[in-house]
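For reference, the chains in residue letters:
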Amino acid sequence: MKLSAKIYSAIIFGFLFAPILVLIVFSFNEAKSLSVFSGVSLKWYQELFRDKNTLEAVKNTLVLAASATAISTVMGTMAAVGINKLRSKWYRAAMNTVTDIPMSNPDIITGISLMLMFVFVGRLFGASTSLNFFTMLIAHITFCTPYVILQVLPKLQQMDKSLHEAAMDLGCTPMRAFLKVEIPEIMPGIITGAIMAFTLSLDDFVISYFTSGNGFETLPIRIYGMTKKTVTPKMYALATIIFLVTLSLLLISNFVDNEDQARLRQARKEKKGKKD
Amino acid sequence: MKKIVTLLAALVLLMLCLTGCGKKDTLTLNVYNWGEYISDGSEGSFDTVREFEKWYEKTYNQKVTVNYSTFASNEDMYNKISSGAVSYDVIVPSDYMIARMAQEGLLLPLNFDNIPNYQYIDETFKGLYYDPQNQYSVPYTYGIVGVIYDANVVDAADIGSWDLMWNQKYAGQILQFNNSRDAFGTAMYKLGLDVNTSNKADWDLAYEELVAQRPMVYSYVMDEIYNMMESGEAAIGAYYAGDYFTMVDAQAENVDLQFYYPERTNLYVDAMCIPSCAQNKELAEIFINYMLSEEPAVANALYTYYATPNSVVYTNEGYIEEMGDAMEILYPNLGSFAEAYNREAYRNLDADMLNYLNTLWENVKIN
């Protein structure tokens, strides 16, 4: 039983990580091939940093993801707080369903309908080009916000309702009680929501493709454009860098988390000791 | 919390600046081209877009920024342009798409006073069917479909015609196009049929041929053909002459890729055009003219490996030397390109024929 469990997880991890491993290995390939490994070299990393169009696309992708994350995190948190305060069960169910729509809707439908709306509104105001950075930003906020709500709402429901009242009792204004007491309580949910929003925005292709205007190319769109000929190994190098950055961020956040918990445990122990 | 809010506000402001406060005295040119279709400065090559910006500033004493975006198929590009939501100044569609866009009024007639280098375009590339009056397009590259094979696997006696792709001896090692037009094209050229016919019986014959080929086909591919041929995973496939050289560059040690043209085959032209949504037509024409001048044109031809109709390039000694034996394959002696092209090239099929073709194609792949 134990052995079969080990084999099972080995297979799962194999399928998940073998492709990434192959990509990393071939990013150090000297030749321009995905099938023939002819020697170790950093050539494609050099090429990557010389390719201004790709770097521009990386910058665009990051700027878009960061701003979409910032706005959708704030909006999603506010929405979650509002939904949590709703008294009518029917109304709350309705609100939950409405916010779920962008999540369960196929990307292609969200993308096309947003594009049609932008074009329609643009024409209404007589603009010759209606798609630009801001239309893309609005589109990304649209599909990121529900995920933030989904992460924050359970945290609000878990929170002790009397916390807010206690804070007010001790002299906080409602705003101050919200900022100083409620926000720290639901912070883990907000952070998870923000990370999800960032990831979703980073690798979205379909919706970005339909809502992108001229001259603003994100990384997924640029890589798609290369598929007519062949994706150059520069992209393997870039994917390797992105993977390593993500991996180290995860490791750091896990490490910080563990430290925090250890400190918390330590503090509790000391408190107990004093009481005794 | 306050810090976070301030940070967010700062971020948003930064975003606004990055996108909004571009200097007004800088001109913008939006170019929409195929991916990997221009010399972009990689591996020490000529960086066409940046060099144009530098050249323009020096010549006209005005800054210009080129926004360069890429597309993966004519249809993708067409959908973007016809949605009316974007504005590009220069696009590079293929022949049949130029015909369609011109017919729908999506292209602007060019002012050739701004494109004096048009004189270098060989006469045989002017007046082709998609632009008979030479109003809308300046040819950028052209190409011919040929058969690529691994000489370590395929006997020399079997090469020369489309029959190689139907040869039972190499069953399981043959690659066929994964799009209806090109796949049916191979069968129709093989059978001696007209690829633009509106006779359904002819399409049915080609369909039978593709069904017969199906058990021998290793895979239906588009850009996957690069890796499969380079690694020796497959031994026979049809693709464009220029792409053959890209494959040779990356082939494995035990693979020896060779190339030949069957008697009848597809020819195509990709050309630079100005869509009707362009905002700076004159600047677009200056860019097109620049693309035809010697240094950028040679660099682009070397980078893409595609043949060019620009006489400045194919008579350039450095270029001829660099390409070596490839010259013979890239620039075959066709007699008259225009004659072969107007006879063999794919043209727009009407909606009815396209539907019929796609139904047949789905059946080929299901059977």
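Just so you know, these numbers come straight off a predicted model, no measurement behind them.

(A) Molecular detail of the overall build of chain A. The number of helices and strands found in chain A is eleven helices and zero strands. Listing the helices and strands of chain A from first to last along the sequence gives α-α-α-α-α-α-α-α-α-α-α. In terms of overall size, chain A is more extended than a compact globule, its C-alpha atoms giving a radius of gyration of 24 Å where 276 residues would be expected to give roughly 19 Å. Buried positions account for 33% of the 276 residues belonging to chain A. Taking the contacts inside chain A whose residues are at least 6 apart along the sequence as the reference set, 75% of them involve residues at least 24 apart.

(B) Fine view of the domain arrangement of chain B. Residue and element names in this part refer to chain B. Looking at chain B, the domain boundaries give domain 1 (2–141 + 269–330) and domain 2 (143–267 + 344–366). The gap between the C-alpha centroids of domain 1 and domain 2 is 30 Å. Contacts between domain 1 and domain 2 engage 13 residues on the former and ten residues on the latter. Breaking the side of domain 1 that touches domain 2 down by element, the ones donating at least two residues are α4 (95–103) and α13 (326–330). Of the residues contributing to the side of domain 1 that touches domain 2, the split by class is nine nonpolar, two polar and two charged.

(C) Main features of unusual backbone geometry. Residue and element names in this part refer to chain B. Phi at E36 takes a positive value of approximately 55°, unusual for a residue other than glycine. Relative to the elements of secondary structure, E36 occurs in the loop between β1 (27–34) and α2 (48–60). Here the phi dihedral of N61 falls at roughly 55°; this positive angle occurs in a residue that is not glycine. Among the structural elements, N61 can be located in the loop between α2 and β2 (64–71).

(D) Molecular detail of the environment of G122 of chain A. Along the polypeptide, G122 of chain A turns up in helix α5 (residues 107–124). A residue is classified by how many C-beta atoms lie within 10 Å of it, and G122 of chain A, with 18 of them, is partly exposed. Not counting residues within four places of it along the chain, the set of residues in contact with G122 of chain A comprises A127 and S130 of chain A together with A85 of chain B.

(E) Representation of the nonpolar core within the structure. Counting residues in hydrophobic clusters, the biggest one holds 144 residues, and the most contacted among them are V90, I98, I236, M272, F287 and I288 of chain B. Apart from residues lying up to four places away in sequence, F287 of chain B is in contact with L29, F52 and V90 of chain B. Among the nonpolar cores identified, the runner-up in size contains five residues, and L48, Y236, A237 and L238 of chain A belong to it.

(F) Expanded view of the interface of chain B and chain A. The interface is formed by 37 residues belonging to chain B together with 38 residues belonging to chain A. When contributions to the side of chain B that touches chain A are tallied by element, the ones reaching two or more residues are α1 (2–20), β1, β2, α7 (225–231) and α8 (241–249) of chain B. Class assignment for the residues of the side of chain B that touches chain A results in 16 nonpolar, 15 polar and six charged.

(G) Just the domain arrangement of chain A, in detail. Per the domain assignment, the segments of chain A are domain 1 (1–47) and domain 2 (51–233). Computed over C-alpha atoms only, the centres of domain 1 of chain A and domain 2 of chain A are separated by 33 Å.

(H) Broad picture of the environment of M228 of chain B. All names here are of chain B. Mapping M228 onto the fold places it in helix α7. When the C-alpha atoms of M228 and I288 are compared, they prove to be 36 Å apart, with 60 residues separating the residues in sequence. Other than its neighbours up to four places away in sequence, M228 contacts L175, S219, V221, E233 and A234.

(I) Expanded view of the packing of helix α4 (residues 89–104) of chain A against helix α6 (residues 133–158) of chain A. Residue and element names in this part refer to chain A. It is at 8 Å that the axes of α4 and α6 come closest, and there the two elements cross at 125°. In terms of orientation, α4 and α6 fall into the oblique class. In this structure, α4 crosses over α6, and the sense of that crossing is left-handed. Residue-level inspection shows T99, D100, P102 and M103 of α4 in contact with α6, the latter providing T142, F143, P146, Y147 and I149. Of the residues in the contact of α4 with α6, the class split is six nonpolar, two polar and one charged.

Thresholds, definitions, all that
Residues numbered from 1 in each chain as written. Chains lettered and ligands numbered in written order. Predicted model: local features only at pLDDT ≥ 70, side-chain atom pairs only at ≥ 80, totals over all residues. Helix = DSSP H or I, 4+ residues; strand = E, 2+ residues; numbered from the N terminus. Rg over C-alpha atoms; globule rule 2.2 N^0.38 Å. Buried ≥ 20, exposed ≤ 12 C-beta atoms within 10 Å, placed from the backbone. Contact = placed C-beta atoms within 7 Å. Domains from an automatic or database assignment. Nonpolar A, V, L, I, M, F, W, Y, C, P; charged D, E, K, R; others polar. Core = buried A, V, L, I, M, F, W, Y, C linked by C-beta atoms within 7 Å. Axes fitted to C-alpha atoms, helices over the stretch in contact; angles between N-to-C directions. Parallel < 35°, antiparallel > 145°, perpendicular 65-115°, else oblique. Left-handed = near helix turned anticlockwise from the far one by under 90°.

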